[in-house]
Amino acid sequence: MSRPRYGAPEVLATFLLVALAVIVILPLVIPFLFVFKTQLEFAYHPWALPKQLKWSNFAESWNAVRIDQGLVNTLIVSAGAILFTLPPAALAGYVFARYRSRATELAFYAIMIGYFVPIQMVLVPIYKMEVTFALNDTLYGLFLPMAAFGIPFWTLIYRSFFRSLPVELAEAARIDGAGHSGTFFRVMLPLARPATILALLLVFIAAWSDYLLSLILLSDPRHFTMQLRVASFMNTYGPDRMPRYAAAAIISAAPTVLLYVIGHKWIIKGTLAGAVKE
Amino acid sequence: VSDRREKRGGRDGKRAVFIFLCVLPAFLFLAVFLYYPIEETFRISMTKSSGIGAEAFIGVDNYAKLFANEEFLAGLGHVFSWAFWSVLIQLPLSFVIAFSLTFYANRFTGPLKAVFYLSNVLPSAITAMMGKFIFAPKSGIIASLAGALGIKWLGAVDFLGNPKLAFWSVFLIATWAYTGFPIIYLMARIEQISKDVREAAELDGATGWRYAWSIVLPDLGYPLRILAVLSTVGSLKLFDLPNLMTTGGPGNATVTLGITLYRQGFVNWNYGKAAAIGVVIFVLSLAFTIVEFSLGRKKGGETA
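Residues numbered from 1 in each chain as written. Chains lettered and ligands numbered in written order. Predicted model: local features only at pLDDT ≥ 70, side-chain atom pairs only at ≥ 80, totals over all residues. Heavy atoms only, no water.

## So, the overall build of chain B
Then step 1. Tallying secondary structure elements over chain B gives 16 helices and two strands in all.
Then step 2. Taken against the 2.2 N^0.38 rule, which gives 19 Å for 304 residues, the C-alpha radius of gyration of chain B at 25 Å runs more than 25% over that of a compact globule.
Then step 3. Counting only C-alpha atoms and orienting by the principal axes, one finds that chain B spans roughly 80 × 65 × 35 Å.
Then step 4. The buried share among the 304 residues of chain B stands at 53%.
Then step 5. Sequence-distant contacts, at least 24 apart, represent 68% of the contacts inside chain B between residues at least 6 apart.
Then step 6. Accessible surface for chain B amounts to roughly 14000 Å². Of this, 66% is attributable to carbon and sulfur atoms.
Then step 7. If the 27 positive side-chain charges of chain B are averaged to one point and the 19 negative ones to another, these points end up 2 Å apart. (Helix = DSSP H or I, 4+ residues; strand = E, 2+ residues; numbered from the N terminus. Rg over C-alpha atoms; globule rule 2.2 N^0.38 Å. Buried < 20%, exposed > 50% of the residue type's maximum accessible area, 1.4 Å probe, protein only. Contact = heavy atoms within 4.5 Å. Areas by Shrake-Rupley, 256 points an atom, 1.4 Å probe, with all protein chains shown as cover. Lys, Arg positive; Asp, Glu negative; His and termini not counted. Charge placed at Lys NZ, Arg CZ, Asp CG, Glu CD.)

Laid out in structure tokens, this is it:
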């Protein structure tokens, strides 16, 4: 449809949408106005442009909750979650897509139970179990259950993805003499790369963002993930000293925002693939 | 070639072994972290248990006590009104935005969509941090703006500390954070409506909001119902934002089922009661999931 010019309603609607978008993004922009000021400067001229760029607020909030330690922990947790979510989900999703029988359908529904069970329901038994096996307050004790909760969803996504690939490809591989596993690893899995990239991105974001499981399972502050440090910064230091608080907000939001700026098309596509599947 | 020489039994055997080995890892994970814990939740919910000493079977005592517990009832009430207002406010809002974005598709549409979805990917701890940043007394955005503009009464409002306002302040932040998903979901659905339908509607004189109301909205019945159920189930599980922004307070003003579960289980170490709350959350979300599927079936071929 080619439209030669913008009509008045379109201009008005677009203007309103842009205004709304500015409001939506403002909470992420305003901290930059505060962060370079001293507490005194903020108290007298909160809305003026900063007189000089004062970087010490970043260092202060970074050191207050040891962001470096949090980054390392969270990266380990995210890597672990990816490593233990993707392979089981890809394998199971492949079987549910390509080896359909009454038994595999039944197995598929058994796994889908996990998609409908709220994490809150199983927190107590998981905590008790982790205490019994001394897994609580460790990073692998955190990413293992995280992976378990992610597997049903990604099995579903891999299943739809493998179903969308033409059957002939797998058949050709079989005729060439590839066995079941050869067909999967050498032909089908490489073809599923788009699904794998989505899973990498979204499992990473989910693990990075986790708050509830980390809160329950970790107790030693040295093991705290990024989000627990953000929370403890909020409770211990609070927004009374706004420039430092703004620095903490910028530091903690930056990784997600950067990842989003780079990959927002993928992120939105992947989220919709999960919601509008099949 | 070698396939043909194999006996049929051998081939089926290999196939079965392959299937078994492929689903095994997923099932191991779910058995340890899901199936067993589900069974345990039901069992623990019928015991008096603190993790130390023996568990005592007490039947439905935990449940009976919960429904006489002020904090639990407050949590139950809050998640229901949270669900009600999410559906009533966030869904129409996201429909209006999604429709305008797709109806007036132009060079701004892509970037606007990306901006509206951005707050959805922020971790809840950071969303909460932004919430406090906006609402903090004296130093927050609203308070310092009110100060700069000389609006004294507004500067004195304690958005998170006033029991009458706290729920709505958290709700407003949640609206900021979670409306992006319904927007992109509805946009995807609206984009599926064919151009012919739109052109035919325009020929019939149904332009702008007439078109939205009489053509687009009826077509979105199913996705809107799915979104309604999703936000209801999401409300039942609500924990992060109120716990981070107000820890359920002041008093019980922003307590949710998730917060009472956390307090019972991991502050008071009363596992029995916490497990019972977990069962309540499960049963309620199961009920809504069943509703979701029966609504889906009515529309025929579509699956959730």
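## Comments concerning a nonpolar patch on the surface
Then step 1. Taken together, B:Val17, B:Phe20, B:Leu21, B:Leu24 and B:Leu28 make up a surface patch of nonpolar side chains, about 470 Å² in accessible area.
Then step 2. By the element assignment, B:Leu21 lies in helix H2 (residues 8–44). (Patch = residues over 30% accessible without salt bridge, like charges linked within 9 Å, V, L, I, M, F, W, Y side chains within 5 Å. Salt bridge = Lys/Arg side-chain N within 4 Å of Asp/Glu carboxyl O.)

## Quick notes on the interface of chain A and chain B
Then step 1. Contact residues are listed per partner, giving 92 residues for chain A and 88 residues for chain B.
Then step 2. The contact between chain A and chain B buries some 8200 Å² in all, and 79% of this surface belongs to carbon and sulfur atoms.
Then step 3. In this assembly, chain A and chain B are joined by one salt bridge.
Then step 4. A:Lys128 serves as the salt-bridge partner of B:Glu55, at 2.5 Å between the closest nitrogen and oxygen.
Then step 5. On the surface where chain A and chain B come into contact, there are 13 residue pairs in polar contact (both at pLDDT 80 or more).
Then step 6. It is helix H14 (residues 242–275) of chain A that contributes the most residues to the side of chain A that touches chain B, 15 residues altogether. (Buried area = accessible area lost by both parts, 1.4 Å probe. Polar contact = N/O pair within 3.5 Å; in protein donor to acceptor, adjacent residues only side chain to side chain.)

## As for the pattern of salt bridges
All names here are of chain B.
Then step 1. The full count for this structure, using the stated rule, is ten salt bridges over all chains.
Then step 2. As a salt-bridge pair, Glu40 and Arg43 come within 2.9 Å of each other at their nearest N and O atoms. Linking Glu40 with Arg43, this pair stays in helix H2, spanning three residues, or about one helical turn.
Then step 3. Overall, the relative accessible area of 9% leaves Glu40 in the buried class.
Then step 4. Note on Arg43: relative accessible area 34%, which makes it partly exposed.

## Focus: unusual backbone geometry
Residues and elements named next belong to chain B.
Then step 1. The amide bond that connects Gly249 to the next residue, Pro250, takes the cis arrangement and shows omega of -5°.
Then step 2. Mapped onto the elements of the fold, Pro250 is located in the loop between helix H14 (240–246) and helix H15 (257–266).
Then step 3. Even without a glycine there, the phi angle at Thr247 is positive, about 40°.
Then step 4. Its place among the elements puts Thr247 in the loop between H14 and H15.
Then step 5. Among the residues examined, Thr247 registers a relative accessible area of 44% and is labelled partly exposed.

## Looking at the nonpolar core
Then step 1. In terms of nonpolar packing, the biggest core is built from 182 residues, with A:Tyr158, A:Phe162 and B:Phe116 touching the most fellow members.
Then step 2. It is helix H8 (residues 139–164) of chain A that provides the largest number of residues to this core, a total of 14 residues.
Then step 3. Once you skip the residues sitting within four places of it in the chain, A:Phe162 turns out to touch A:Ala90, A:Gly93, A:Tyr94, A:Ala97, A:Arg98, A:Phe184, A:Met188, A:Leu189 and A:Ala192. (Core = buried A, V, L, I, M, F, W, Y, C linked by side-chain atoms within 4.5 Å.)

## A look at the environment of B:Arg263
Residues and elements named next belong to chain B.
Then step 1. Along the chain, Arg263 turns up in helix H15.
Then step 2. Expressed as a C-alpha distance, the spacing of Arg263 and Lys273, which sit ten residues apart in the sequence, is 10.0 Å.
Then step 3. Beyond its immediate sequence surroundings of up to four residues, Arg263 is in contact with Glu71, Thr247, Gly248, Asn252, Val255 and Asn268.
Then step 4. Separated by 2.7 Å, the side chain of Arg263 and the backbone oxygen of Thr247 make a polar contact.

## Some words on the packing of aromatic side chains
Then step 1. The tally for this structure, following the rule as stated, stands at 49 aromatic pairs over all chains.
Then step 2. Geometrically, the ring pair formed by A:Tyr127 and B:Trp269 is tilted, given 5.8 Å between the ring centres and 35° between the ring planes. Here A:Tyr127 is found in helix H7 (residues 119–132), whereas its partner B:Trp269 is found in the loop between H15 and helix H16 (271–298) on a different chain.
Then step 3. Judged by relative accessible area, A:Tyr127 falls into the buried class, the value being 12%.
Then step 4. One aromatic cluster is present, built from ring pairs that chain together A:Tyr94, A:Tyr99, A:Tyr158, A:Phe162, A:Phe184, A:Phe185 and B:Phe18.
Then step 5. When the ring centre of A:Trp266 is taken as origin, the NZ or CZ atom of A:Lys269, which lies over that ring, is 5.1 Å away.
Then step 6. Its end group placed over the ring of B:Phe103, B:Arg198 keeps NZ or CZ at 4.0 Å from the ring centre. (Phe/Tyr/Trp six-rings, centres within 6.5 Å; stacked < 30°, edge-to-face > 60°. Lys NZ or Arg CZ within 6 Å of the ring centre and 35° of its normal.)

## As for helix H4 (residues 56–64) of chain A
Residues and elements named next belong to chain A.
Then step 1. All of the buried residues in H4 are Asn57, Phe58 and Ser61. Axial view of H4: buried residues confined to an arc of 100°, hence all on one face.
Then step 2. Following H4 by one or two positions, Arg66 adopts a phi angle in the positive range, close to 50°. (Arc of directions from axis to C-beta.)

## Describing the side chain of B:Ser235
Then step 1. Tracing the backbone through its elements, the reader meets B:Ser235 in helix H13 (residues 221–236).
Then step 2. Those residues in contact with B:Ser235, other than ones at most four positions away along the chain, are B:Val79, B:Trp82, B:Ala83 and B:Ser86.

## Digging into the packing of H8(A) against helix H11 (residues 193–209) of chain A
All names here are of chain A.
Then step 1. At a closest axis distance of 11 Å, the pairing of H8 and H11 adopts a crossing angle of 155°. When the axes of H8 and H11 are compared, the pair comes out roughly antiparallel. Where H8 crosses over H11, the two elements pack in a sense that is right-handed. Here H8 contributes Met146, Trp154, Tyr158 and Phe161 to the contact with H11, which in turn contributes Pro194, Ala195, Thr196, Leu198, Ala199, Leu202, Val203 and Ala207.
Then step 2. Tallied by class, the residues present in the contact of H8 with H11 amount to eleven nonpolar, one polar and no charged. (Axes fitted to C-alpha atoms, helices over the stretch in contact; angles between N-to-C directions. Parallel < 35°, antiparallel > 145°, perpendicular 65-115°, else oblique. Left-handed = near helix turned anticlockwise from the far one by under 90°. Nonpolar A, V, L, I, M, F, W, Y, C, P; charged D, E, K, R; others polar.)

## What to know about helix H10 (residues 180–191) of chain A
Structurally, the α-helix is built with 3.6 residues per turn, so residues lying three or four positions apart point the same way.
Then step 1. With twelve residues, H10(A) extends 16 Å from end C-alpha to end C-alpha; this agrees with the ideal 16 Å at 1.5 Å per step.
Then step 2. For H10(A), the full list of buried residues reads A:His180, A:Gly182, A:Thr183, A:Phe184 and A:Met188. (Expected span 1.5 Å × (residues − 1).)

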